[in-house]
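Structure assessment
So the chains spell out like this:
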Amino acid sequence: KNIAHDDTNGDDAAPDGPARRVPKLVCVRTFTGCANSKMTMKRSVLSCDDGTLLIVGGGEDGEVCVWDAQSLSSKPAARVDSAHSSAAIACASCPSQMLVATGAIEKKATVTIWRVDLKS
């Protein structure tokens, strides 16, 4: 899949110079595992000190999944099935502290902080 984004409003020339290059996104890999058919879930990338690159995201059923971006598998390396009692719609990471936050649309708008443990 190629997705082209052009924010030049149809004009390929920059205001003061030559034509700008239009960036293109090429799908390199797709990760599966969290159920999302109705909502768009936020994902977060966590770059660890040892070079590990993790992608964290949530599902409509409240689960939280962690994918190893460098693994050959497209399935989650880890998952918490009942992380939230409703859809996990938000995700953010703090690489320096090896923390991930996930948020859900539960009655009290729950945010859960997770510590990433690469040793287990």
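So, here is what we can say about the structure in this document. Only a predicted model underlies this, so the values are computations on that prediction, with no experimental measurement involved.

A look at the sheet that holds strand β9 (residues 111-115)
Taken in spatial order, the three strands make up an open sheet running β7-β8-β9, and their pairing is antiparallel. Each of the sheet's edge strands pairs with one partner strand only, and the pair in question is β7 (88-94) and β9. The mean inter-strand angle of the sheet, taken between neighbouring strand axes irrespective of direction, is 20°. Sheet analysis places strand β8 (residues 99-104) next to β9, joined by five bridges and oriented antiparallel. When the bridges of β9 are listed, L99 appears paired with R115.

What about the pairing of strand β3 (residues 43-47)?
Of the two faces of β3, the one lined by S44 and L46 is fully buried and the one lined by R43, V45 and S47 carries no buried residue. By the bridge criterion, five bridges tie β3 to strand β4 (residues 53-58) in an arrangement that is antiparallel. Directly across from R43, in β4, lies its bridge partner G57. Following β3, the chain reverses through five residues before pairing antiparallel with β4; G51 in that reversal takes a positive phi of roughly 95°.

Here we look at the nonpolar core
One recurring pattern in soluble globular proteins is that nonpolar side chains are buried together. Judged by nonpolar contacts, L46, C48, L54, V56, V64, A83, C91, M98, V100 and V116 together constitute the single largest core of 10 residues. Each residue touching L54, except ones within four places of it in the same chain, is listed here: S44, V45, L46, C48, V66, W67, D68, V116 and L118.

Rules of the game
Residues numbered from 1 in each chain as written. Predicted model: local features only at pLDDT ≥ 70, side-chain atom pairs only at ≥ 80, totals over all residues. Heavy atoms only, no water. Pairing = 2+ DSSP bridges. Helix = DSSP H or I, 4+ residues; strand = E, 2+ residues; numbered from the N terminus. Axes fitted to C-alpha atoms, helices over the stretch in contact; angles between N-to-C directions. Buried < 20%, exposed > 50% of the residue type's maximum accessible area, 1.4 Å probe, protein only. Core = buried A, V, L, I, M, F, W, Y, C linked by side-chain atoms within 4.5 Å. Contact = heavy atoms within 4.5 Å.

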